[in-house]
Amino acid sequence: MIAQLPGFQMGYDDSGEGMPVVFLHGFPHDRTLWTAQKASLASQVRCIVPDLRGFGHSSTHGPFSMDQYADDVVALLDHLGIERAVICGLSMGGYVSMALWRRYADRIAAMVFCDTKATADSEEAKGRRDDLIAVVKRDGARAIGEAQLDGMVGTTTRARRIDVVNGLRAMMGRQPVAGIIGALQALRDRPDSRETIGSITVPSLVVVGEEDSLTPIKEARTIAELLPAAARVRLEIIAGAGHVPCLERPAATNHALSDFFATLSM
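Since the structure is predicted, the reported quantities are computational estimates derived from the model, not experimental observations.

Caption draft 1: Looking closely at unusual backbone geometry. That bond from Phe-27 to Pro-28 is cis: its omega, -10°, falls within 30 degrees of zero. Checked against the element boundaries, Pro-28 lands in the loop between strand S3 (20-24) and helix H1 (35-41). Cis geometry is found at the peptide bond from Gly-62 to Pro-63, where omega equals 5°. Assignment of secondary structure puts Pro-63 in the loop between strand S4 (46-50) and helix H2 (66-80). Even without being a glycine, Asp-115 presents a positive backbone phi close to 45°. As for its placement among the helices and strands, Asp-115 is situated in the loop between strand S6 (108-114) and helix H4 (123-139). Its identity is not glycine, yet Arg-232 carries a phi of approximately 50°, on the positive side. Among the secondary structure elements, Arg-232 is positioned in the loop between helix H10 (217-226) and strand S8 (233-238). Given the relative accessible area of 49%, Arg-232 is considered partly exposed.

In structure tokens:
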């Protein structure tokens, strides 16, 4: 589906009934990252799965920032007539979730942080973002897919699930160059969110792939430790998965999400 929002077009899927859950993809992905979750969980919750600005079927023009992505998500919620939702964000989607809490805490019923981290980029990491921008400008979207692929999946997936590896490569390679560059700038310039996470008061789940090398288990534990007791924190480690357990171990990820959703009431 396509939502025509003020000055912006957003591609999204909307399936199921009940408690609304917004699934936010990472970089450089699109909403198909969450296909297995939408198929499994739509019998339990209403799954709203957007393409973030610059990706999939959404508009490719800026501005690009975590705050802008958050504003776009709320514009979609307004379009759908949804007052409050659970926010589930992976990697960059997790950073968008943090921006949503800073800007729209009253619109959030619960939060799921998947394979993400609380801190801003170091100066070294910012330099790597700039290097990737130059690569994409020179060589196109497929180059970024190849550059990101090794860190995106775990060793188990690389050894046993070549279908997942190839599918992820194709997903990353088809994203618009303008969206990739805008997202890299937004990632580079995002703020530190440790104070934000420490202020969260809604139930929260932290999920991480056991083999995630981009945002490893220690980053997930840091988020879980920063979350206050009022957030009723849970931490789930998905065995045999890297940075995208929703693709690598969908059944295990769905089980963790389903159990968490079952504890919520709106």
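Caption draft 2: How the structure looks around the state of the cysteines. Counted according to the given criterion, the structure contains zero disulfides. Distance from the sulfur of Cys-88, which forms no disulfide, to the nearest cysteine sulfur (Cys-114) is 4.0 Å. Residue classification places Cys-88 among the buried positions, given a relative accessible area of 0%. We classify Cys-114 as buried; its relative accessible area is 2%.

Caption draft 3: Structural view of the packing of aromatic side chains. If you walk through the whole model with that rule in mind, you get four aromatic pairs. Judged by centre distance (6.3 Å) and plane angle (85°), the rings of Phe-27 and Phe-55 are edge-to-face. Residue Phe-27 is found in the loop between S3 and H1, and its partner Phe-55 is found in the loop between S4 and H2; the two are separated by 28 residues along the sequence. A cation sits over an aromatic face here: Arg-53 above Phe-8, 4.1 Å from the ring centre. A cation over a ring is seen here: Arg-190 above Tyr-95, with NZ or CZ 4.0 Å from the ring centre.

The rules behind the values
- Residues numbered from 1 in each chain as written.
- Predicted model: local features only at pLDDT ≥ 70, side-chain atom pairs only at ≥ 80, totals over all residues.
- Heavy atoms only, no water.
- Helix = DSSP H or I, 4+ residues; strand = E, 2+ residues; numbered from the N terminus.
- Buried < 20%, exposed > 50% of the residue type's maximum accessible area, 1.4 Å probe, protein only.
- Disulfide = S-S within 2.5 Å.
- Phe/Tyr/Trp six-rings, centres within 6.5 Å; stacked < 30°, edge-to-face > 60°.
- Lys NZ or Arg CZ within 6 Å of the ring centre and 35° of its normal.

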